[in-house]
Amino acid sequence: MASRFPVWQPAYIGVGSNLNDPVAQVVAAFDGLAALAGCRLYATSGLYWNPPMGPQDQPDYVNGVAGLLTTLEPQELLAQLQALETRLGRVRTEGDRWGPRIIDLDLLVYGMQTLALPGLNLPHPGISERNFVLFPLCDISPTLAIPGQGVVQDLARQMGSEGLQEINNQTRKRA
């Protein structure tokens, strides 16, 4: 018999921007995540400046991570994240994978699920190689075990903080 009650899954969202006041863009994205149907924002990390991945002829990024509880399936959540990116002004173009952007929302982890679909891999395959994801994620969930990759605080320690600069801000929130 199916449950009458929704099943809430934890999900972690990477948030980044390097255009049009990136700190304000990331904070606006946190606000947008709080308003998503079927989701409850329960934590936001501190924010970090970091150099861009890929082409270096672009501004530095501001990155953070949000913790959600959601009743949405992973594909539905990804669609909601992409719709939020559009509402916040992101225009996707061919070949912009490493380019500057007003906002970027990445579904990093969804419960303990592993998934490999076109356009959606869980957990996000680059987590353990990106200190700008690991350190904000460590702010809100240091003991999170990422399927197939390890525990966040251990991965962050192994990666190191080179190139990261924490922004002195008041965005951090825990439920």
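That block above? That's the structure.
What comes next concerns the included structure.

Definitions and cut-offs
- Residues numbered from 1 in each chain as written.
- Predicted model: local features only at pLDDT ≥ 70, side-chain atom pairs only at ≥ 80, totals over all residues.
- Heavy atoms only, no water.
- Helix = DSSP H or I, 4+ residues; strand = E, 2+ residues; numbered from the N terminus.
- Rg over C-alpha atoms; globule rule 2.2 N^0.38 Å.
- Buried < 20%, exposed > 50% of the residue type's maximum accessible area, 1.4 Å probe, protein only.
- Contact = heavy atoms within 4.5 Å.
- Lys, Arg positive; Asp, Glu negative; His and termini not counted.
- Charge placed at Lys NZ, Arg CZ, Asp CG, Glu CD.
- Polar contact = N/O pair within 3.5 Å; in protein donor to acceptor, adjacent residues only side chain to side chain.
- Phe/Tyr/Trp six-rings, centres within 6.5 Å; stacked < 30°, edge-to-face > 60°.
- Arc of directions from axis to C-beta.
- Core = buried A, V, L, I, M, F, W, Y, C linked by side-chain atoms within 4.5 Å.
- Pairing = 2+ DSSP bridges.

### Quick word on the overall build of the chain
For the chain, the helix and strand inventory stands at 4 helices and 11 strands. For a compact globule of 175 residues, the expected C-alpha radius of gyration is about 16 Å, and the chain comes in at 15 Å, within 12% of that figure. Principal-axis analysis of the C-alpha atoms gives the chain an extent of 55 × 35 × 35 Å. Across the 175 residues that make up the chain, the buried fraction comes to 47%. Taking the contacts inside the chain whose residues are at least 6 apart along the sequence as the reference set, 69% of them involve residues at least 24 apart. If the 12 positive side-chain charges of the chain are averaged to one point and the 16 negative ones to another, these points end up 8 Å apart.

### Here we look at the environment of leucine 122
Structurally, leucine 122 can be placed in strand β7 (residues 120-122). Leucine 122 sits 61 residues away from tyrosine 61 along the chain, and the two C-alpha atoms are 23 Å apart.

### Some words on the side chain of serine 45
With respect to the helices, strands and loops of the structure, serine 45 is situated in the loop between β2 (39-44) and β3 (48-50). Take serine 45: its relative accessible area is 0%, and that puts it in the buried class. A distance of 2.8 Å separates a polar side-chain atom of serine 45 from the backbone nitrogen of valine 65.

### Some details on the packing of aromatic side chains
With the rule as written, the count across this model stands at 1 aromatic pair. Note on tyrosine 12 and tyrosine 42: the rings are 6.4 Å apart at their centroids and 80 degrees apart in plane angle, and the pair reads as edge-to-face. Placement of tyrosine 12 in strand β1 (residues 9-17) and of tyrosine 42 in strand β2 is noted, with a sequence separation of 30 residues between them. Like tyrosine 12, the residue tyrosine 42 is buried in the burial classification.

### Observations concerning helix α4 (residues 152-159)
Along α4, the residues classified as buried are Val152, Leu155 and Ala156. Across the axial projection of α4, the buried residues extend over an arc of 100 degrees, all falling on one side. Exposed and oriented more than 90 degrees from the buried face of α4 are Arg157 and Gln158. Those residues of α4 that are buried lie in contact with α3 (131-140), β8 (145-146) and β9 (150-151).

### Details of the nonpolar core
Grouped together as the largest cluster of nonpolar side chains are 27 residues, with contacts concentrated most on Ile13, Val15, Leu33, Leu77, Leu81, Leu105 and Leu107. At the level of secondary structure, the elements contributing two or more residues to this core comprise β1, α1 (22-34), β2, β4 (61-70), α2 (74-87), β5 (104-110) and β7. If we skip the residues at most four places from it in the chain, leucine 77 touches Ala11, Ile13, Leu36, Cys39, Leu68, Thr70, Leu72, Leu107 and Tyr110. In terms of nonpolar packing, the next biggest core, distinct from the first, is built from 19 residues, Val109, Ile127, Phe132 and Ile146 among them.

### Quick notes on the pairing of β4
Counted residue by residue, β4 has 9 buried out of 10 residues, so it is predominantly covered. Relative to β4, β1 runs antiparallel, the two being bridged by 9 bridges. Residue glycine 14 lies in a different strand from β4, and its bridge partner there is valine 65.

### Considerations on unusual backbone geometry
With an omega of -10 degrees, the peptide bond between leucine 122 and proline 123 qualifies as cis. For asparagine 20, which is not glycine, the phi dihedral falls at a positive 50 degrees. Along the chain, asparagine 20 falls in the loop between β1 and α1. Notably, aspartate 21 is not glycine yet its phi reads approximately 60 degrees, a positive angle. Counting through the fold element by element, aspartate 21 comes out in the loop between β1 and α1.

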